[in-house]
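Observations on chain architecture
This is what each chain is made of:
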Amino acid sequence: MMDARTEKRKTNSSKTGKEVSVGQSIFLGLQQVLAMDLFIPPMILAGLLSFSVPDSALLIQMTFIACGIATIIQAGFAMKLPVMQGPSFVPLSALAAIGTTSGIGAMIGSLIPGALLVALLGYPLKVFSKVVRKFIPPIVAGTVIVVVGLSLMPSAINSIYSAPGNFGENIFVAAVTAAVLIFCMYIGEKSQSKLKYIKIVSVILSLGIGSIVASFFGLVDFSSLGKSAWFQMPSLFAFGAPEFDLHAILIMAAIYFIVTIETTGTWFTVSKVTGEKLDDKRLNGGAFGEGLGCFIGSFFGGTPVTGYSSNAGIIAITGVKSRRPIIAGGVIMIILGMMPKLMNLIACIPGVVINSVFAILCVVIMMNGFKVIKEVAFTERNMLVIGVPIMLALFAVLMPADVLKGLPDIATYFVSSGTAIGAITALVLNLVLPQKLEDSVKTNEVTVHVN
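Conventions adopted
Residues numbered from 1 in each chain as written. Predicted model: local features only at pLDDT ≥ 70, side-chain atom pairs only at ≥ 80, totals over all residues. Heavy atoms only, no water. Helix = DSSP H or I, 4+ residues; strand = E, 2+ residues; numbered from the N terminus. Buried < 20%, exposed > 50% of the residue type's maximum accessible area, 1.4 Å probe, protein only. Areas by Shrake-Rupley, 256 points an atom, 1.4 Å probe, with all protein chains shown as cover. Core = buried A, V, L, I, M, F, W, Y, C linked by side-chain atoms within 4.5 Å. Contact = heavy atoms within 4.5 Å. Disulfide = S-S within 2.5 Å. Salt bridge = Lys/Arg side-chain N within 4 Å of Asp/Glu carboxyl O. Axes fitted to C-alpha atoms, helices over the stretch in contact; angles between N-to-C directions. Parallel < 35°, antiparallel > 145°, perpendicular 65-115°, else oblique. Left-handed = near helix turned anticlockwise from the far one by under 90°.

Let us look at the overall build of the protein. Counting its regular elements, the protein contains 21 helices and two strands. Within the span of the protein, comprising 451 residues, buried residues form 52% of the whole. Accessible surface computed for the protein: about 19700 Å², of which carbon and sulfur atoms make up 68%.

Written out as structure tokens, the structure reads:
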């Protein structure tokens, strides 16, 4: 009897995180933050919007704060699972199209209604869990992940080609940066010694070495660093007041739905790693936390947040399944976001270095999607559900600029995001194309296996 009570106390302790000390929580939380590459999406968005270095630094700063608040909400009060919230790659193309076409105010305003809608679907409506169970099987979730990586890749590659400076030097810097990242990822995956932890800091190492190489060609400018303060409180709507454009709001509402598909896959991964059941209450709580986090993030001008699957890998490596380090990580993100000098240092990293890392990350994102899809039976019907969205995403990404300019605003926003087209196509095809009974049974078996 004593053993049973002791085991129960241990289980409860694991859930609440009481077994992890404050010092351990801070260390593990910092490790989680370092593994997230939080600065990559805002830097890419800043580049697409042609922001100056100080404005880029401010966007990164606001993104850190938004993600910290969202993480505390999600892990502490909403979903109550060790889920880190970070900026999503999914909306970048659409946000850039809105920002360049209708202005930054319209871009910020487009974030607010969709975030509230996601939160309402969780609570008080409590319908989000039903939507997930019915409409987001692995074949859709996996295809969306593939489309995200594939549709963002051309942007990274084109940014390297079009970067200011000598073309040959830029290609050399990009190649060195990418080679360092690939080497660190490979060594970290294969090594059984302490070198396996090199994978966790692989992005930071590649950015650092890439920037050092770039400095020899005069591509690094630290002039803004000396002017920035060490500490600064965040300001609301730092990029201007929100403006509500109906077309922009509609496209971002569709994008939010795609972001929730992405983050649902992360929740299932975290659930599997921690051994915690992902029931309807947690799914609805997760949607509420995600929507509330995105809503608060819009006040800071940050990109929409999503659950980061990379953090589930750290939980698996460390074996620490407590929520305390995740909440500590949220606090650390807020503190880092109040340090403009650090954000300016990050913003000084040359675009060619950032985009070479981004290109490799797109490959990783895409292949993670294929890892999900490979569990699905490759019938002719399923190949259409997977292949047609990929084709249409490429159709959107490769559309000539002069054709794009002739479209209405809402079509421009939508077509500018290959992710939106691909994801919605996958969802629709999965619903309308008939499925044989035996294939349906196989798909249900796969769903249980993956989740």
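Among the nonpolar cores identified, the biggest contains 113 residues, and Phe39, Ile40, Phe89, Leu207, Met252, Ile255 and Phe358 are the most heavily contacted of them. With residues near it in sequence (within four places) discarded, Phe358 still touches Ile40, Ile44, Phe89, Leu152 and Ala156.

In this structure the tally under the stated criterion is zero disulfides. The thiol of Cys67 is unpaired, and the distance to the nearest cysteine sulfur, on Cys294, comes to 9.1 Å.

For Ile296, the location among the structural elements is in helix H12 (residues 280-300). Owing to a relative accessible area of 22%, Ile296 belongs among the partly exposed residues under this scheme. In sequence terms Ile296 and Ala115 are 181 residues apart; their C-alpha atoms lie 8.9 Å from each other.

Before going further, it helps to spend a moment on the pattern of salt bridges. One pass over the full model with this rule turns up two salt bridges. Arg133 is the salt-bridge partner of Asp280, the closest N and O atoms lying 3.2 Å from each other. In this pair, Asp280 sits in helix H12 while Arg133 sits in helix H7 (residues 128-135), placing the two residues 147 residues apart along the sequence. Residue classification places Asp280 among the partly exposed positions, given a relative accessible area of 39%. Relative accessible area serves as the criterion here: at 46%, Arg133 is assigned to the partly exposed category.

Next up on the list: the packing of helix H4 (residues 53-78) against helix H14 (residues 324-337). Two numbers describe how H4 lies on H14: the axes approach to 7 Å, and their chain directions differ by 160 degrees. With respect to H14, the axis of H4 lies roughly antiparallel. In this structure, the crossing between H4 and H14 has a hand that is left-handed. Within the contact between the two elements, H4 uses Gln61, Phe64, Ile65, Cys67, Gly68, Ile69, Thr71, Ile72, Ala75 and Gly76 and H14 uses Ile326, Ile327, Gly330, Val331, Met333, Ile334, Leu336 and Gly337.

As a further point, take the side chain of Asn170. When you line up the elements, Asn170 lands in helix H9 (residues 167-190). Setting aside residues no more than four positions away along its own chain, Asn170 makes contact with Ile160, Ala163, Pro164, Gly165, Leu219 and Val352.

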